[in-house]
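Chain residues, written in single-letter form:
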Amino acid sequence: MQRSTPIMTLLLAACSAGGAKEVREEVPAARGVSMPRPGRARGEAAVALNRACERCHEAESAEWRGSLHQRAHVEPAYQRSFAIEPLPFCRRCHVPEGDPMLEPAPAVGEMGVGCVTCHVVEDGGAVLAVPREGSRTGEIAPHGVVRDARFATADACASCHEFAFPGSSGKRRDELMQSTVSEHAESSLRATSCASCHMQVDGERRSSHVFAASRSPELMRAAVRVAAERISPTAVRVSLAPVGVGHALPTGDLFRRIEVSVEAFGPDNLVISSARRYLTRHFEMKKGGAGKRLVLDDRLTGERALELDLGAEAAGHPIAWRIGYQRVAHPEGAAHEDAVLEDDMELASGVIR
Ligand code: HEC
Ligand code: HEC
Ligand code: HEC
Ligand code: HEC
Ligand code: HEC
């Protein structure tokens, strides 16, 4: 750990001077300290300050580098989707330190959601942290630290992880493009904070900054328990239950889904008949292409049993079942079956004779 208090102070000063360029938005008139939010637009000053954080906090930096927060702008899945809907609105979250009206400078894009985006929130430049008695390591921070209990709650994530479709008020649930915070508030696990689940480090008191989720087969498989049984010569019942998930599964991006598929097959392994279901938010294009309408939300929020019938031709044949977690590329209105996939991760599978 290196010490460079004057540089730090200078950098913090540089950063808050850049605050003049900040795209102002109404921060809820909450008491005290503001929480992390999109649309900061502090540009290169934020990058310079972030490099200082990275130099001193090596463990957190190694975790953050390669995370979807750091990669929020450069991630190919996002870039492909942005190419279809290139709105300044998207940039406010995916490259929050850039000017939303412009393609960001490479270093700003490469930083994505930076240390500074979450931790340097006030104009004064002090570092936001959770309440704790004294220093974490016995060392004294060479920078200001503001401790606020809300930083340890969903408030730290809320302004990026819940938002309305562009042009809608977001007053109704079906106007939300992402609703993870509301889902969390309605979950039986609401007393557990986002960070307790997503930043947990076993056996240590340090918070992890990896935020792996959708890219980790281990985590995704552990998040759902599945059982399948044949309930008639032609039908299968698949039971799914989320395990330790504090919101709907899947949550977040609207084009994610769980695919439940069953196939009856013959001795030559040829598929005789098949059936599938998608657990997701189902949208319908409004008449005249004026946006989307939410028709059904059947994502997992608790235990659920689905019955799939394969038709008379399946009788007497083995049935293979599979649960896939799928990230759909921007569907541009295509039907579920025609959607192009960014990824299809197998969560569970089996064969019933
Ligand atoms: C010159 C080295 C240095 C720089 C630069 C630096 N830090 Fe620190 N920071 C420390 C030290 C030392 C501590 C106190 C020991 C600890 O908690 O790690 C600390 C404490 C913290 C804490 C509080 C940890 C707790 O106790 O809860 C946070 C959060 C933090 N730093 C984040 C940042 C961020 C974000 C940046 C960039 C804006 C930054 N630091 C820049 C050295 C530095
Ligand atoms: C400044 C905005 C911002 C803040 C604040 C923020 N996030 Fe994120 N987060 C993002 C963006 C943008 C992505 C997705 C990047 C991508 O995939 O392109 C993301 C991705 C994630 C992912 C990975 C999702 C996946 O698909 O694997 C998790 C988990 C996550 N965030 C949790 C949190 C938690 C918990 C907090 C609060 C402690 C938080 N985030 C705060 C913007 C933010
Ligand atoms: C998406 C938001 C987000 C980003 C990006 C982020 N942090 Fe954090 N960080 C948090 C939150 C939230 C906590 C507190 C978690 C808790 O304990 O509830 C935290 C905790 C910390 C701590 C205290 C460690 C501990 O054990 O409590 C340090 C130090 C820290 N962050 C440094 C950094 C540095 C350095 C970076 C960039 C390399 C960074 N953070 C990026 C949200 C973020
Ligand atoms: C009780 C634990 C728990 C809580 C609380 C929780 N999550 Fe999760 N979350 C999970 C699990 C489990 C997954 C599945 C992958 C994993 O383990 O990371 C997940 C997945 C995600 C994903 C990946 C998207 C997807 O496809 O499902 C995001 C984004 C996310 N959580 C954000 C949040 C945010 C933001 C909060 C707080 C508002 C939060 N989570 C609260 C357990 C939790
Ligand atoms: C208010 C903040 C916010 C805005 C605005 C926003 N996003 Fe996101 N986006 C997020 C967060 C947070 C996630 C992570 C949730 C998850 O992983 O499911 C995410 C995830 C994504 C993903 C999944 C990326 C991956 O790596 O899997 C895509 C694609 C995406 N957003 C595209 C867009 C596009 C295109 C726009 C503009 C039309 C947009 N987003 C606007 C916050 C935002």
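Scroll up to find the structure this text is about.
Everything in this summary refers to the structure shown in the same document.

What counts and what doesn't
- Residues numbered from 1 in each chain as written.
- Chains lettered and ligands numbered in written order.
- Predicted model: local features only at pLDDT ≥ 70, side-chain atom pairs only at ≥ 80, totals over all residues.
- Heavy atoms only, no water.
- Helix = DSSP H or I, 4+ residues; strand = E, 2+ residues; numbered from the N terminus.
- Buried < 20%, exposed > 50% of the residue type's maximum accessible area, 1.4 Å probe, protein only.
- Contact = heavy atoms within 4.5 Å.
- Donors = N, O, S within 2.8 Å, 3.2 Å for Na, K, Ca; no water.
- Tetrahedral: all angles 85-135°; square planar, octahedral: opposite > 155°, others 65-115°.
- Near = heavy atom within 4 Å.
- Polar contact = N/O pair within 3.5 Å; in protein donor to acceptor, adjacent residues only side chain to side chain.
- Nonpolar A, V, L, I, M, F, W, Y, C, P; charged D, E, K, R; others polar.

### Thoughts on the overall build of the protein
Helices and strands together make up the secondary structure of the protein, namely eleven helices and 13 strands. When the 353 residues of the protein are sorted by exposure, 42% land in the buried category. By sequence separation, contacts in the protein at least 24 residues apart represent 60% of the contacts at least 6 residues apart.

### Observations concerning the coordination of the iron atom of ligand 4
His198 (NE2) and His247 (NE2) make up the full set of protein donors to the iron atom of ligand 4, lying at 2.0 Å. Coordination at the iron atom of ligand 4 is octahedral, judged from the six donor atoms that bind it and the angles of 89 to 179° they form at the metal. One end of the pair, His198, is in helix 10 (residues 194–198); the other, His247, is in the loop between strand 6 (235–242) and strand 7 (256–265), with 49 residues separating them in the sequence. Classification of His247 as buried rests on a relative accessible area of 17%.

### Considering the site of ligand 4
Surrounding ligand 4, one finds 23 residues, the nearest of these being Cys194, Cys197, His198, His247 and Tyr325. In this structure, a nitrogen atom belonging to ligand 4 sits 2.8 Å away from a side-chain N or O atom of His198. Tyr325 is positioned such that a nitrogen or oxygen atom in its side chain is 2.5 Å from an oxygen atom of ligand 4. Among the elements of the structure, helix 9 (180–186), helix 10 and helix 11 (217–222) are those that each provide at least two residues to the shell around ligand 4. Broken down by element, the residue count for the shell around ligand 4 peaks at three residues, all from helix 10. Across the shell around ligand 4, the residue classes break down as twelve nonpolar, ten polar and one charged.

### Points about the coordination of the iron atom of ligand 2
At the metal site, the iron atom of ligand 2 is ligated by His69 (NE2) and His161 (NE2), and these contacts range over 2.1 Å. With six donor atoms in place around the iron atom of ligand 2 and angles of 84 to 179° between them, the coordination shape is octahedral. With a gap of 92 residues between them, His69 in the loop between helix 3 (58–64) and helix 4 (76–84) and His161 in helix 8 (residues 155–161) connect regions that are remote in the sequence. With relative accessibility at 22%, the residue His69 sits in the partly exposed group.

### Notes on the site of ligand 3
Looking at ligand 3, there are 21 residues lining it, with Cys115, Cys118, His119, Arg132 and His209 nearest. Residue Arg132 places a side-chain N or O atom 2.6 Å away from an oxygen atom belonging to ligand 3. Take His209: an N or O atom from its side chain is 2.9 Å from a nitrogen atom of ligand 3.

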